[in-house]
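Single-letter residue listing:
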Amino acid sequence: VPLHEISIQPSGLYAFCARRSDLAQLLGLQDSRMVDLALLMGNDYFDPMSSLAVPNDLPLRNVQSLVFYLQCQEDFEITGKDDDSKSAIAFVKSLYNLRAEDSAPD
(Lines give C-alpha, C1' and ligand atoms only; values in the text may rest on other atoms or scores of the structure.)
Protein backbone atom coordinates (compact mmCIF):
# COMPACT_ATOMS: atom_id res chain seq x y z
CA VAL A 1 0.00 0.00 0.00
CA PRO A 2 1.55 3.32 -1.03
CA LEU A 3 2.12 5.59 1.97
CA HIS A 4 0.05 8.38 0.45
CA GLU A 5 -2.93 5.98 0.40
CA ILE A 6 -2.84 5.40 4.16
CA SER A 7 -5.30 7.40 6.22
CA ILE A 8 -4.66 7.88 9.92
CA GLN A 9 -7.86 8.64 11.80
CA PRO A 10 -8.59 8.86 15.54
CA SER A 11 -10.46 5.56 15.18
CA GLY A 12 -7.59 3.73 13.46
CA LEU A 13 -5.34 3.29 10.45
CA TYR A 14 -7.03 2.76 7.07
CA ALA A 15 -5.86 1.81 3.59
CA PHE A 16 -7.43 0.41 0.45
CA CYS A 17 -6.36 -3.16 -0.29
CA ALA A 18 -7.63 -5.32 -3.12
CA ARG A 19 -7.12 -8.85 -4.33
CA ARG A 20 -5.02 -9.29 -7.42
CA SER A 21 -7.83 -11.21 -9.11
CA ASP A 22 -10.27 -8.35 -8.47
CA LEU A 23 -7.87 -5.78 -9.92
CA ALA A 24 -7.19 -8.02 -12.91
CA GLN A 25 -10.91 -8.29 -13.60
CA LEU A 26 -11.38 -4.52 -13.33
CA LEU A 27 -8.49 -3.95 -15.75
CA GLY A 28 -9.60 -6.63 -18.19
CA LEU A 29 -6.48 -8.74 -17.66
CA GLN A 30 -5.85 -12.36 -16.79
CA ASP A 31 -4.77 -12.76 -13.17
CA SER A 32 -1.28 -13.86 -14.25
CA ARG A 33 -0.87 -10.66 -16.27
CA MET A 34 -1.00 -8.64 -13.07
CA VAL A 35 2.49 -9.91 -12.26
CA ASP A 36 3.63 -8.79 -15.72
CA LEU A 37 2.04 -5.38 -15.13
CA ALA A 38 3.83 -5.08 -11.79
CA LEU A 39 7.14 -6.01 -13.43
CA LEU A 40 6.64 -3.43 -16.18
CA MET A 41 5.80 -0.77 -13.59
CA GLY A 42 8.95 -1.50 -11.60
CA ASN A 43 9.71 -2.64 -8.08
CA ASP A 44 12.44 -2.73 -5.44
CA TYR A 45 14.44 -5.41 -7.29
CA PHE A 46 15.07 -3.78 -10.67
CA ASP A 47 14.27 -0.82 -12.87
CA PRO A 48 12.19 -1.83 -15.90
CA MET A 49 13.79 0.87 -18.06
CA SER A 50 17.27 -0.59 -17.72
CA SER A 51 16.50 -4.26 -17.02
CA LEU A 52 13.65 -5.37 -19.29
CA ALA A 53 13.80 -6.18 -22.98
CA VAL A 54 10.65 -4.42 -24.16
CA PRO A 55 9.59 -2.78 -27.42
CA ASN A 56 11.02 0.73 -27.79
CA ASP A 57 7.57 2.25 -28.28
CA LEU A 58 6.16 0.82 -25.01
CA PRO A 59 5.79 3.78 -22.61
CA LEU A 60 6.81 2.19 -19.30
CA ARG A 61 5.79 5.21 -17.25
CA ASN A 62 2.17 5.19 -18.50
CA VAL A 63 0.10 2.58 -16.62
CA GLN A 64 -2.90 2.87 -18.96
CA SER A 65 -0.70 2.15 -21.96
CA LEU A 66 0.85 -0.83 -20.20
CA VAL A 67 -2.59 -2.27 -19.40
CA PHE A 68 -3.75 -1.76 -22.97
CA TYR A 69 -0.58 -3.36 -24.32
CA LEU A 70 -1.00 -6.41 -22.10
CA GLN A 71 -4.66 -6.69 -23.12
CA CYS A 72 -3.75 -6.67 -26.81
CA GLN A 73 -0.46 -8.59 -26.81
CA GLU A 74 -1.40 -11.97 -25.34
CA ASP A 75 1.85 -13.57 -26.53
CA PHE A 76 4.13 -10.89 -24.98
CA GLU A 77 6.56 -12.32 -22.41
CA ILE A 78 8.61 -10.36 -19.93
CA THR A 79 12.31 -11.00 -20.43
CA GLY A 80 15.46 -9.46 -19.03
CA LYS A 81 18.30 -7.83 -20.92
CA ASP A 82 20.97 -9.88 -19.11
CA ASP A 83 21.36 -12.83 -16.74
CA ASP A 84 21.07 -10.66 -13.62
CA SER A 85 17.82 -9.15 -14.87
CA LYS A 86 16.46 -12.58 -15.79
CA SER A 87 17.30 -13.84 -12.31
CA ALA A 88 15.59 -10.83 -10.71
CA ILE A 89 12.49 -11.36 -12.88
CA ALA A 90 12.29 -15.02 -11.86
CA PHE A 91 12.62 -14.03 -8.19
CA VAL A 92 9.94 -11.33 -8.41
CA LYS A 93 7.57 -13.68 -10.25
CA SER A 94 8.03 -16.32 -7.55
CA LEU A 95 7.61 -13.70 -4.82
CA TYR A 96 4.45 -12.24 -6.36
CA ASN A 97 3.07 -15.74 -6.92
CA LEU A 98 3.79 -16.64 -3.27
CA ARG A 99 6.38 -19.34 -3.94
CA ALA A 100 9.08 -20.42 -1.51
CA GLU A 101 11.94 -18.00 -0.85
CA ASP A 102 14.54 -20.58 -1.83
CA SER A 103 14.16 -19.33 -5.39
CA ALA A 104 15.72 -15.99 -4.39
CA PRO A 105 18.77 -14.92 -6.40
CA ASP A 106 22.16 -15.06 -4.67
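Structure: see above.
Overview of the structure. (Residues numbered from 1 in each chain as written. Predicted model: local features only at pLDDT ≥ 70, side-chain atom pairs only at ≥ 80, totals over all residues. Heavy atoms only, no water.)

1. So, the overall build of the protein chain
A count of helical and extended segments in the protein chain gives 5 helices and 2 strands. Principal-axis analysis of the C-alpha atoms gives the protein chain an extent of 50 × 35 × 20 Å. The 106 residues of the protein chain split such that 28% are buried. Carbon and sulfur atoms provide 51% of the accessible area of the protein chain, an area that totals close to 7600 Å². Separation between the mean location of the 8 positive side-chain charges and that of the 16 negative ones in the protein chain comes to 3 Å. (Helix = DSSP H or I, 4+ residues; strand = E, 2+ residues; numbered from the N terminus. Buried < 20%, exposed > 50% of the residue type's maximum accessible area, 1.4 Å probe, protein only. Areas by Shrake-Rupley, 256 points an atom, 1.4 Å probe, with all protein chains shown as cover. Lys, Arg positive; Asp, Glu negative; His and termini not counted. Charge placed at Lys NZ, Arg CZ, Asp CG, Glu CD.)

2. Comments concerning the pattern of salt bridges
With the rule as written, the count across this model stands at 4 salt bridges. As a salt-bridge pair, D36 and R33 come within 2.7 Å of each other at their nearest N and O atoms. One end of the pair, D36, and the other, R33, are both in helix α2 (residues 33-41), 3 residues apart, so they sit about a helical turn from each other. Exposure remark for R33: the relative accessible area of 8% places this residue in the buried category. (Salt bridge = Lys/Arg side-chain N within 4 Å of Asp/Glu carboxyl O.)

3. Description of α2
Counting buried residues in α2 gives 7 out of 9 residues, a clear majority hidden from the surface. For α2, the set of buried residues is R33, M34, V35, D36, L37, L39 and L40. Contact partners of the buried residues in α2: α1 (20-27), α3 (48-51), α4 (63-72) and α5 (83-96). (Contact = heavy atoms within 4.5 Å.)

4. Some details on the packing of α2 against α5
At a closest axis distance of 10 Å, the pairing of α2 and α5 adopts a crossing angle of 130°. For the element pair α2 / α5, the angle class is oblique. In this structure, α2 meets α5 at a crossing whose hand is right-handed. Of the residues in α5, those touching α2 at V35, D36, A38 and L39 are I89, V92, K93 and Y96. Looking at the contact of α2 with α5 residue by residue, the class counts come to 6 nonpolar, no polar and 2 charged. (Axes fitted to C-alpha atoms, helices over the stretch in contact; angles between N-to-C directions. Parallel < 35°, antiparallel > 145°, perpendicular 65-115°, else oblique. Left-handed = near helix turned anticlockwise from the far one by under 90°. Nonpolar A, V, L, I, M, F, W, Y, C, P; charged D, E, K, R; others polar.)

5. So, the environment of C72
For C72, the position within the fold is in helix α4. The sequence separation of C72 and H4 amounts to 68 residues, and the corresponding C-alpha distance is 31 Å.

6. Brief notes about the packing of α1 against α2
Where α1 contacts α2, the two axes come as close as 9 Å, and the packing angle between them is 85°. Here α1 lies roughly perpendicular to α2, going by the angle between them. Here R20, L23, A24 and L27 of α1 come into contact with α2, specifically with M34, V35 and L37. Looking at the contact of α1 with α2 residue by residue, the classes come out as 6 nonpolar, no polar and 1 charged.

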